[in-house]
Amino acid sequence: MNKALHWIWRYGSEKFSLWRRIINQKFGGAEDAFLPALTRNSICHSVWKGILKAREFVKAGTVLNIGSGACMYFWDDVWIGEFPLKQLFPSLFVIARQKHALISELISSEGAWILNFSRNLNDQEMLEVANLLQIIGDPSRLVNEDSRQ
């Protein structure tokens, strides 16, 4: 576990290193994200699978400063409340077009949320979007730098 934690921390700290770019290319991940993305690659190396298991441990013991949202995943990270938005709004997550987007990728240049779904929303889903927007608030409140402690 210690080695996995070491690699998780290095992943978040060494944003421009060659090894991280290779990992992102092979298994997926955002250039600016602090934690590696969960892979959809079923043929994942066992070492990388072990590192990804440590990801949840790190997430649980990490305090997020959202900043600009360039390092936090909108649906996956716990940045509002105590649970990721994909757990609070599972029906919206299922139909979200950008399931693994960073917070900053879902903010327009005018400072509004950009939430795209794969189909038109029904009445219940519209209420859920209203609840989601009430919880996440105005994106203009985000500042310039993201960090984890």
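Residues numbered from 1 in each chain as written. Predicted model: local features only at pLDDT ≥ 70, side-chain atom pairs only at ≥ 80, totals over all residues. Heavy atoms only, no water.

Another aspect to go through is the side chain of Asp76. Mapped onto the secondary structure, Asp76 falls in the loop between strand E1 (64-65) and helix H4 (85-88). Polar side-chain contacts of Asp76 include one of 3.0 Å to the side chain of Lys86. Separated by 3.2 Å, the side chains of Asp76 and His100 make a polar contact. (Helix = DSSP H or I, 4+ residues; strand = E, 2+ residues; numbered from the N terminus. Polar contact = N/O pair within 3.5 Å; in protein donor to acceptor, adjacent residues only side chain to side chain.)

A separate point is the packing of aromatic side chains. Within this structure, the stated rule accounts for five aromatic pairs. Relative to Trp79, the ring of Phe74 lies with its centre 5.7 Å away and its plane at 50 degrees, an arrangement referred to as tilted. What makes Trp79 buried here is its relative accessible area of 8%. Ring centres of Trp79 and Trp113 lie 6.1 Å apart, and the angle between their planes is 40 degrees; on these two criteria the pair is classed as tilted. With a gap of 34 residues between them, Trp79 in the loop between E1 and H4 and Trp113 in the loop between helix H5 (90-95) and helix H6 (123-136) connect regions that are remote in the sequence. With respect to burial, Trp79 and Trp113 carry one shared label: buried. Chaining the aromatic ring pairs together yields one cluster made of Phe74, Trp75, Trp79, Phe93 and Trp113. Here the guanidinium or amino end of Lys99 rests over the ring plane of Phe93, the centre of that ring lying 5.7 Å away. (Phe/Tyr/Trp six-rings, centres within 6.5 Å; stacked < 30°, edge-to-face > 60°. Buried < 20%, exposed > 50% of the residue type's maximum accessible area, 1.4 Å probe, protein only. Lys NZ or Arg CZ within 6 Å of the ring centre and 35° of its normal.)

Here we take up H6. Look at H6: 20 Å from first C-alpha to last across 14 residues, which is about the 20 Å you get at 1.5 Å a residue. Of the residues making up H6, those classed as buried are Glu125, Glu128, Val129, Leu132 and Ile136. Projected down its long axis, H6 carries its buried residues within an arc of 105 degrees, all on one side. For H6, the exposed residues set more than 90 degrees away from the buried face come down to Asp123, Leu127 and Gln134. (Expected span 1.5 Å × (residues − 1). Arc of directions from axis to C-beta.)

Take the pattern of salt bridges next. Evaluated as defined, the whole model comprises two salt bridges. Its salt-bridge partner being Glu125, residue Arg119 comes within 2.6 Å of it at the nearest N-O pair. Look at Glu125 and you get buried, because its relative accessible area is 6%. (Salt bridge = Lys/Arg side-chain N within 4 Å of Asp/Glu carboxyl O.)

Those residues of helix H2 (residues 18-27) that sit buried are Arg20, Ile23, Asn24 and Phe27. Buried residues along H2 cover an arc of 95 degrees about the axis, so they all sit on one side. Exposed side of H2, more than 90 degrees from the buried face: Leu18, Gln25 and Lys26 are the residues found there. Among the residues trailing H2, Gly28 stands out with phi positive, at a value near 90 degrees.

Considering soluble globular proteins, one finds that nonpolar side chains tend to be buried as a cluster. If you look at the biggest cluster of nonpolar residues, it comprises 21 residues, and the most contacted ones within it are Phe74, Trp75, Trp79, Leu85, Trp113, Leu132 and Ile136. Sequence-distant contacts of Phe74, that is, excluding residues within four places in its chain, are made with Trp79, Leu85, Ala101, Leu102, Ile103, Leu106, Trp113, Leu115, Leu132 and Ile136. (Core = buried A, V, L, I, M, F, W, Y, C linked by side-chain atoms within 4.5 Å. Contact = heavy atoms within 4.5 Å.)

Attention now goes to the side chain of Asp77. Here Asp77 shows up in the loop between E1 and H4. Overall, Asp77 belongs to the buried group, its relative accessible area being 2%. Within the structure, the side chain of Asp77 is placed 2.8 Å from the backbone nitrogen of Tyr73, a separation counted as a polar contact.

Note that every value here comes from positions in space, so none of it alone points to a role or purpose.
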